[in-house]
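# Residue-level structural notes
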Amino acid sequence: MIEAKHLTKYFGQTAAVDNVSFEAGRGEVLGFLGPNAAGKSTTMRMITGFLAPTSGTAVIGGYCVQTDPLKAQKKLGYLPENAPVYRDMTVSGFLDFIADIRGFSGKEKRNRIGETLEQCFLSSVRYQVINTLSKGYKQRVCFAQSILHDPEYLIMDEPTDGLDPNQKHEVRSMIREMAKEKTIILSTHILEEVEAVCTRAIIIANGRIVADETPDDLKARSAVHGALCCGIHGGEVLNIQAEFSALEGVARVQILEQEHERAVLRIFHDEGTSPAIEQVLECCGKHGYSLDYLRVEEGRLDEVFRMITTGRSEGEDA
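What this report covers is the structure whose coordinates are included nearby.

With that settled, the discussion passes to a nonpolar patch on the surface. A surface patch of nonpolar side chains, amounting to about 300 Å² of accessible area, comprises Tyr 86, Phe 97 and Ile 101. Take Phe 97: it is sitting in helix H3 (residues 91-101).

This is the structure in structure tokens:
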């Protein structure tokens, strides 16, 4: 597993990371997220050995990054922030260089490079100079170097930065597939990324861990988690709101949108009770209202993230 043990980093008198500890095991995709300047990248750099901590340490596969750095880093693949590469090299030349560093040679090296080019969808640009590539392709080249040696552990800082929607889908699919046999930590500020690929999420703010839960558990903290959302027409909106509000187990009904006799409503139920789906359906049948859709809200990760990192919930002034 990957272990962070009381990692702390000061820059002058400022604590960028303050006593951060966590573990990540095989099969996990751990999302490490937080606002800008929260300490995400600094933590990733200390775990990989790129940056020395002020105190604390990290252990990769049983090897301490500070006392056994080469043994730890041999097991590790690292995609740094901003995709640093040698821009005057071709894609295949750069991966050949990385393969040499990793100790590959001969047929094994050729196979590893070929497989990695295919895996990262880089075969079509293998002979192109990296400096001529788009930002998305440069990101893929850096991703390729991180997985060339098929590492047991992957640390990725903003792995889909600069990628278009199709490329993001490809990379996320790769991450999910690799997670079956690896331990993966990815730093991101994109909440969609967490929902798409992560099995667990750590939120860091002001250099400290403020949450460590599954994405579903985080969404369950949302104020709208479990509420019913419906699109409805066929009646006076205020009358519909009043009818729904009077149903057993309903705490309140919020009008989200309205136009003439068509509206979008959010129905909150009393604590400890289930969503009032049957009651709503019966009420619509009784009064002749037509439902366009009816769904149970999963909760919103962006709302929970804001609440945890700023202490403000939805609707409060920034």
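From this point on, the discussion continues.
Judged by pairing direction, the sheet is antiparallel, and its 4 strands sit side by side in the order E12-E13-E11-E14 without closing on themselves. What marks the edges here is a single partner per strand, and that holds for strand E12 (250-259) and strand E14 (290-296). Strand-to-strand twist in this sheet, taken as the mean axis angle between neighbours without regard to direction, amounts to 20 degrees. Helix-sheet contacts for helix H9 (residues 237-245) involve strand E11 (228-233), E12 and strand E13 (262-269), and the interaxial angle to E12 is about 160 degrees.

In this section: the nonpolar core. One finds Val 91 and Phe 143 to be the most contacted residues of the largest nonpolar core, which totals 46 residues. Setting aside chain neighbours within four positions, we find Val 91 in contact with Leu 117, Leu 122, Val 125, Arg 126, Gln 128, Ile 130, Leu 133 and Val 141. By size, the runner-up hydrophobic cluster in this structure holds 24 residues, among which are Leu 30, Met 44, Ile 47 and Tyr 153.

Close approach of charged atoms allows side chains with opposite charge to pair. Considering all chains together, one arrives at 21 salt bridges under this definition. For Arg 172, the salt bridge identified is with Glu 192, shortest N-O distance 2.9 Å. One end of the pair, Arg 172, is in helix H6 (residues 165-178); the other, Glu 192, is in helix H7 (residues 191-197), with 20 residues separating them in the sequence. For Arg 172, a relative accessible area of 7% gives the class buried. Its relative accessible area of 48% is what places Glu 192 among the partly exposed residues.

When the terminal C-alpha atoms of helix H5 (residues 135-147) are compared, their 19 Å separation across 13 residues agrees well with the 18 Å that a helix rising 1.5 Å per residue should span. The complete set of buried residues in H5 reads Gly 136, Lys 138, Gln 139, Arg 140, Val 141, Cys 142, Phe 143, Ala 144, Gln 145, Ser 146 and Ile 147. Packing partners of the buried residues in H5 comprise strand E6 (76-79), H3, helix H4 (106-119), strand E7 (153-157) and H6.

Our next topic: the pairing of strand E8 (residues 183-188). In the case of a regular strand, side chains alternate between the two sheet surfaces. The element E8 is extensively covered by neighbouring structure, given that 6 of its 6 residues are classed as buried. Because side chains alternate across E8, one face comprises the buried residues Thr 183, Ile 185 and Ser 187, and the other comprises Ile 184, Leu 186 and Thr 188, equally buried. For strand E3 (residues 29-33) and E8, the ladder comprises 5 bridges, and the chain directions are parallel. Paired with Phe 32 across the two strands is Ser 187, which belongs to E8. Pairing of E7 with E8 involves 5 bridges; the strand directions are parallel. Bridge assignment links Asp 157 to a residue of E8, and that residue is Ser 187. Handedness of the β-α-β unit built from E7, H6 and E8 comes out right-handed.

Time to look at the sheet that holds strand E5 (residues 63-64). Taken together, the 4 strands give an open sheet; going across it, the order is E2-E1-E4-E5, and neighbouring strands pair in antiparallel fashion. Single-partner strands in this sheet number two, and they are strand E2 (14-24) and E5. Note: strand E1 (residues 2-11) against E2, 7 bridges, orientation antiparallel. In the sheet register, Phe 11 faces E2, and the bridge partner there is Thr 14. Of the strands in this sheet, E1, E2 and strand E4 (55-60) touch helix H1 (residues 40-48), which is tilted by about 120 degrees from E1.

Counted by the stated rule, this structure contains 3 aromatic pairs. Note on Phe 22 and Phe 32: the rings are 5.5 Å apart at their centroids and 40 degrees apart in plane angle, and the pair reads as tilted. Here Phe 22 is found in strand E2, whereas its partner Phe 32 is found in strand E3, with 10 residues between them in sequence. Over the face of the ring belonging to Tyr 137 we find Arg 140, whose NZ or CZ atom lies 4.5 Å from the ring centre. Over the ring of Phe 268 we find Arg 252, and its NZ or CZ is 4.0 Å from the ring centre.

The subject of this paragraph is unusual backbone geometry. The backbone of Asp 150 shows a phi angle near 50 degrees, a positive value even though the residue is not glycine. Mapped onto the elements of the fold, Asp 150 is located in the loop between H5 and E7. Given the relative accessible area of 48%, Asp 150 is considered partly exposed. With a phi angle near 55 degrees, Asn 206 is a residue other than glycine that sits in the positive phi range. Take Asn 206: it is sitting in the loop between strand E9 (200-205) and strand E10 (208-213). By relative accessible area, which is 69% here, Asn 206 ends up exposed.

We now examine the side chain of Lys 40. The topology assignment puts Lys 40 in helix H1. Within polar-contact distance, the side chain of Lys 40 engages the backbone oxygen of Pro 35 at 3.3 Å. Apart from the residues lying within four places of it in its own chain, the contact partners of Lys 40 are Phe 32, Leu 33, Gly 34, Pro 35, Glu 158, Ser 187, Thr 188 and Ile 204.

Parameters and conventions
- Residues numbered from 1 in each chain as written.
- Predicted model: local features only at pLDDT ≥ 70, side-chain atom pairs only at ≥ 80, totals over all residues.
- Heavy atoms only, no water.
- Patch = residues over 30% accessible without salt bridge, like charges linked within 9 Å, V, L, I, M, F, W, Y side chains within 5 Å.
- Areas by Shrake-Rupley, 256 points an atom, 1.4 Å probe, with all protein chains shown as cover.
- Salt bridge = Lys/Arg side-chain N within 4 Å of Asp/Glu carboxyl O.
- Helix = DSSP H or I, 4+ residues; strand = E, 2+ residues; numbered from the N terminus.
- Pairing = 2+ DSSP bridges.
- Axes fitted to C-alpha atoms, helices over the stretch in contact; angles between N-to-C directions.
- Contact = heavy atoms within 4.5 Å.
- Core = buried A, V, L, I, M, F, W, Y, C linked by side-chain atoms within 4.5 Å.
- Buried < 20%, exposed > 50% of the residue type's maximum accessible area, 1.4 Å probe, protein only.
- Expected span 1.5 Å × (residues − 1).
- Right-handed = clockwise from strand over helix to strand, strands pointing away.
- Phe/Tyr/Trp six-rings, centres within 6.5 Å; stacked < 30°, edge-to-face > 60°.
- Lys NZ or Arg CZ within 6 Å of the ring centre and 35° of its normal.
- Polar contact = N/O pair within 3.5 Å; in protein donor to acceptor, adjacent residues only side chain to side chain.

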